[in-house]
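Each chain, letter by letter, is given below.
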Amino acid sequence: MPDQIQTHTLSVLVDNEPGVLARVIGLFSGRGYNIESLTVAEIDAARRLSRITLVTSGTPMVIEQIKAQLDRLVPVHAVRDLTTEGPHVAREMALIKVVGSGDKRVESLRIADIFRARAVDSTIESFVFEMTGSPEKIDAFVNLMRPLGLVDVSRTGIVAISRGAKGI
Amino acid sequence: MTTVTRPPATAAELTGAEVILKALADQGVEVIFGYPGGAVLPIYDALFKSNYVRHILVRHEQAAVHAAEGYARSTGKVGVVLVTSGPGATNAVTGLTDALMDSVPIVCLTGQVPTHLIGNDAFQEADTTGITRPCTKHNYLVKDAGILARTIHEAFHVARSGRPGPVVVDLPKDIQLAKAPYVGPEAIEHRTYRPRRAPDLQAVEQAVELIAKAKRPLFYCGGGVVNSGPRAAELLTEFVRLTGYPVTLTLMGLGSVPASDPLFLGMVGMHGTYESNLAMHGCDVMINIGARFDDRVTGKLAAFSPGSKKIHVDIDPSSINKNVRVDLPVVGDAGETLAAMIAAWKKKKLKVDRAALAEWWDQIKAWQARDCLRYKGSTTVIKPQYALQRLHALTKDLDPYITTEVGQHQMWAAQFLKFERPYHWMTSGGLGTMGYGLPAAIGAQIAHPGRLCIDVAGEASILMNIQEMSTAVQYRLPVKVFILNNQWMGMVRQWQELSHGGRYSESYTEALPDFVKLADAFGGVGFRITKPSDVDGVIKEMIKVEKPVIVDCCVDQKENCFPMIPSGAAHNEMLLGPDDRASQTTSEEGMVLV
Ligand SMILES: Cc1cc2nc3c(=O)[nH]c(=O)nc-3n(C[C@H](O)[C@H](O)[C@H](O)COP(=O)(O)OP(=O)(O)OC[C@H]3O[C@@H](n4cnc5c(N)ncnc54)[C@H](O)[C@@H]3O)c2cc1C
Ligand SMILES: Cc1ncc(C[n+]2csc(CCOP(=O)(O)OP(=O)(O)O)c2C)c(N)n1
Ligand SMILES: [Mg+2]
């Protein structure tokens, strides 16, 4: 179906220079594209390179436009569509603060264990859990924590990389 | 002749301002359009001490950019602008957006408050790179004098290569005053920006095979051919003649094939010819070279050229499949691709389908017989079309440079002035900026001294940059402003008539200046024409005057511009004249479109 909305994960290699993120975000807001998730960090200090991982959605024609428009930005080195270029690994990290006592506190710890979330901070009345996984897994964990005293969530958004030996 | 003084050769002695001027000189810049202010005083000081770049003092920064556009579009060179921080930069924004939409190569240098004050709401501070990010191809804020020279060279490279566009370099005042090293333009190899020029030869071969097999072919070409340079227009004309196929051009592409060539069907699109639009609708192979399927051209997308295979040659991959899905994209420069297409055509000894082509031309000739540009003449009032026909007849041997403002007059100019070669037609197509024409004519006149430069204007548009008459007078630029004065924002009135029940809300100008006196007040010469019989005489007089001229040509106030495809309609739903109007009104779907 040509008009069907698809979700794509894009990797964008950019020069780490002032304003580069504003260019990317401005492109999305200016042209009305969706950003479902965006992460950015420097990955090579010597070559001043940053990598942006973007999750976006649109019709196939819009996805093609997004890639062409990103590629047109002067400080962009490469744009890769991980969704079409074969299998890839996508992960998100979250920090989740839960406050409670008694059974609820024990239950939160038990569920965290099942989800392989680690307590990275604890007080008598609170935990901060760290977990990594697919966004769906984090959603599930957060939902389970809600009745158990969830107070705060901080998520990174998705980072992704292709499977296999080939680099970007 | 004045002697040319170059800045000192030893790099260590230069200030940032001197580095900027040296970089401009090494880029071959001969003229810049600008307006001074506190944040660019060091550059103006360096300008004062040197005379190897000519500075044209405009009267408004918007006009500086339009003048640079006129200069660029009539020469193929980069137009250069210099403005101060804050209001200087914000005034330039309309011009920059105009240049972005029409792919015009501009480098705009803006002053900025000193680096240590950036972000403090300092006097005349504006976030220039923030404001201009969406209206430039790229922009720079130079915070380190060490990379100043390189940045200027890079700005020129980005502006002129690939799909051309405006580039802003924001220059804090302390950087202009600091000592700065100089490097030449030779060493610029960009890390990431390397636009592709050469087409994929396999795609070219597929394209020519498809072109040869066509039964109802049409070339649809645009501004990209102009951007590519005069050679591309020659190659296009050669290829079109080689095939004998019909060709239509966009507003931005006019002049890419000679208007006098029998293969040329006239302009396409909303106010294009009947034959062009019906050929677009009915063709089986469309060969798009350097045009971007703009909504003024496609009309209703769902009904756009439903039966054709589409080839699209464009240097910018983002232009491809943006509005219209094409069958055969070719990413590359128009000129290089045309050369490759001609070579492939000859190598493969391809032949067109003569019988089918003859039938197609018969059909086209039947459409042409409708004579879609005809209008009711008059001996008492001046018809705008008549005035332009006379302007064309009386100036064509002088090969004039024509600019326009925006409105009905612009469309009539596109229909009735015939362009034989590129670089002679400058109009604001993508943004449709009223106020473009006079400064653009000034830019063209600077580039082509002694040649005839005419701004075909409307009385409303011209008032948007009328102050530039003063610039024209200062530099003794004999630009001619030819106003088709209908006292209305004619284009607005036409739309109100067609889609808003004739409720003419605010489209009549109750008070207008006396344009003849206005010309006089600026130090130019004014003429008024009110009778058809006086048109020729005044045009001849206008050509003779070696000063800036305003001609106030008082035309029929009620005339509308036809043919017209109402917004939201398809090519085969064209209105041919005022009598067509009653039977069709704009659809609800079309009402929301501009
Ligand atoms: C009141 C009004 C009415 C209008 N009515 C019409 C109308 O009836 N008909 C009409 O045609 N227009 C009309 N326009 C203009 C319209 O809005 C567009 O500006 C115009 O159609 C675009 O022209 P183009 O497709 O040639 O593209 P341009 O804007 O000129 O873009 C050039 C294209 O070529 C590509 N390119 C650039 N350099 C190269 C190169 N070296 N090699 C290959 N490709 C290159 C670019 O990437 C781009 O895709 C109107 C404008 C106004 C203000
Ligand atoms: C800066 C700007 N403001 C508004 C418009 C909208 N607009 C398009 S045409 C037009 C009327 C132009 O009137 P005039 O210059 O007299 O030309 P005419 O159509 O009468 O030939 C207007 C207001 C525009 N194109 N540009
Ligand atoms: Mg008018």
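Only a predicted model underlies this, so the values are computations on that prediction, with no experimental measurement involved.

**Q** Would you take a moment to explain the domain arrangement of chain A for this structure?
**A** When the parts of a complex come together, some accessible area is lost, and that lost area is often taken as the interface size. All names here are of chain A. Its domain assignment divides chain A into domain 1 (6-81) and domain 2 (89-160). Each partner contributes residues to the interface: domain 1 has eight residues there, and domain 2 has five residues. Taking both partners together, domain 1 and domain 2 bury about 420 Å²; carbon and sulfur atoms supply 55% of that area. In terms of surface lost to domain 2, no three residues of domain 1 exceed Ser37, Thr39 and Thr53, which account for 61% of the buried area on that side. Linking domain 1 with domain 2 are zero salt bridges, by the criterion used here. The interface formed by domain 1 and domain 2 holds three residue pairs in polar contact (both at pLDDT 80 or more) in total. Contributing elements (two or more residues each) for the side of domain 1 that touches domain 2: β1 (6-15), β2 (37-44) and β3 (49-58). Residues of the side of domain 1 that touches domain 2, tallied by class, amount to two nonpolar, five polar and one charged.

**Q** What is the right way to look at the coordination of the magnesium ion (ligand 3) in this model?
**A** Reference values for coordination geometry: four tetrahedral donors around a metal ideally subtend 109.5 degrees, six octahedral donors ideally subtend 90 or 180 degrees. Residue and element names in this part refer to chain B. All of the protein donors around the magnesium ion (ligand 3) are Glu459 (OE), Glu459 (OE), Asn486 (OD1) and Trp488 (O); their distances to the metal are 2.1 to 2.5 Å. Around the magnesium ion (ligand 3) sit six donor atoms; with metal-centred angles ranging over 52 to 172°, the donor geometry is irregular. Here the donor residues for the magnesium ion (ligand 3) map to a single chain with the spacing E-x26-N-x1-W. With glutamate 459 in helix α18 (residues 459-462) and tryptophan 488 in the loop between β16 (480-485) and α20 (490-499), this pair connects stretches of sequence that are 29 residues apart. Tryptophan 488 shares its class with glutamate 459; the two are buried.

**Q** Can you help me understand the sheet that holds strand β5 (residues 88-99) of chain A in this one?
**A** Two pairing modes exist for strands in a sheet, parallel and antiparallel, and in both the strands are linked by backbone hydrogen bonds. Residues and elements named next belong to chain A. Taken in spatial order, the four strands line up as β6-β7-β5-β8 in an open sheet, and their pairing is antiparallel. If you trace the sheet from one side to the other, it starts and ends with β6 (118-122) and β8 (150-162), each paired once. The mean inter-strand angle of the sheet, taken between neighbouring strand axes irrespective of direction, is 15°. Relative to the sheet, helix α3 (residues 102-114) contacts β5 and β7 (126-133), its axis offset from that of β7 by approximately 20°.

**Q** I keep staring at a positive patch on the surface and nothing clicks. Help me out?
**A** Residues and elements named next belong to chain A. On the surface, Arg91, Arg116, Lys137 and Arg163 cluster together to form a positively charged patch. With respect to the helices and strands, the residue lysine 137 is situated in helix α4 (residues 135-145). Judged by relative accessible area, lysine 137 falls into the partly exposed class, the value being 30%.

**Q** I keep staring at the site of ligand 2 and nothing clicks. Help me out?
**A** Residues and elements named next belong to chain B. Contacts to ligand 2 come from 17 residues, most closely from Gln408, His409, Gly432, Ser461 and Gly490. Glutamate 459 places a side-chain nitrogen or oxygen 3.0 Å from an oxygen atom of ligand 2. Contacts to ligand 2 include tryptophan 488, whose backbone N or O atom sits 2.9 Å from an oxygen atom. Among the elements of the structure, α16 (408-416), α18 and α20 are those that each provide at least two residues to the shell around ligand 2. A class-by-class count of the residues in the shell around ligand 2 yields eight nonpolar, eight polar and one charged.

**Q** When you look at the nonpolar core in this model, what are you seeing that I'm missing?
**A** Among soluble globular proteins, nonpolar side chains are generally buried collectively. All names here are of chain B. Counting 101 residues, the largest nonpolar core has Phe219, Ile289 and Phe482 as the members making the most contacts within it. Shared between two domains, this core takes at least three residues from each, and those domains are domain 2 (201-368) and domain 3 (384-561). Filtering out sequence-adjacent residues up to four positions away, isoleucine 289 remains in contact with Phe219, Tyr220, Cys221, Gly222, Val225, Leu236, Val313, Ala334 and Leu338.

**Q** Any chance you could explain helix α1 (residues 16-26) of chain B here in plain terms?
**A** For an α-helix the count is 3.6 residues per turn, leaving residues at separations of three or four pointing the same way. Residue and element names in this part refer to chain B. Counting buried residues along α1, nine of its 11 residues qualify, which places the element largely inside the surrounding structure. For α1, the set of buried residues is Gly16, Ala17, Val19, Ile20, Leu21, Lys22, Ala23, Leu24 and Ala25. Looking one or two residues beyond α1, the residue adopting positive phi is glycine 28, at roughly 80°.

Procedures and definitions
Residues numbered from 1 in each chain as written. Chains lettered and ligands numbered in written order. Predicted model: local features only at pLDDT ≥ 70, side-chain atom pairs only at ≥ 80, totals over all residues. Heavy atoms only, no water. Domains from an automatic or database assignment. Contact = heavy atoms within 4.5 Å. Buried area = accessible area lost by both parts, 1.4 Å probe. Salt bridge = Lys/Arg side-chain N within 4 Å of Asp/Glu carboxyl O. Polar contact = N/O pair within 3.5 Å; in protein donor to acceptor, adjacent residues only side chain to side chain. Helix = DSSP H or I, 4+ residues; strand = E, 2+ residues; numbered from the N terminus. Nonpolar A, V, L, I, M, F, W, Y, C, P; charged D, E, K, R; others polar. Donors = N, O, S within 2.8 Å, 3.2 Å for Na, K, Ca; no water. Tetrahedral: all angles 85-135°; square planar, octahedral: opposite > 155°, others 65-115°. Buried < 20%, exposed > 50% of the residue type's maximum accessible area, 1.4 Å probe, protein only. Pairing = 2+ DSSP bridges. Axes fitted to C-alpha atoms, helices over the stretch in contact; angles between N-to-C directions. Patch = residues over 30% accessible without salt bridge, like charges linked within 9 Å, V, L, I, M, F, W, Y side chains within 5 Å. Areas by Shrake-Rupley, 256 points an atom, 1.4 Å probe, with all protein chains shown as cover. Lys, Arg positive; Asp, Glu negative; His and termini not counted. Charge placed at Lys NZ, Arg CZ, Asp CG, Glu CD. Near = heavy atom within 4 Å. Core = buried A, V, L, I, M, F, W, Y, C linked by side-chain atoms within 4.5 Å.

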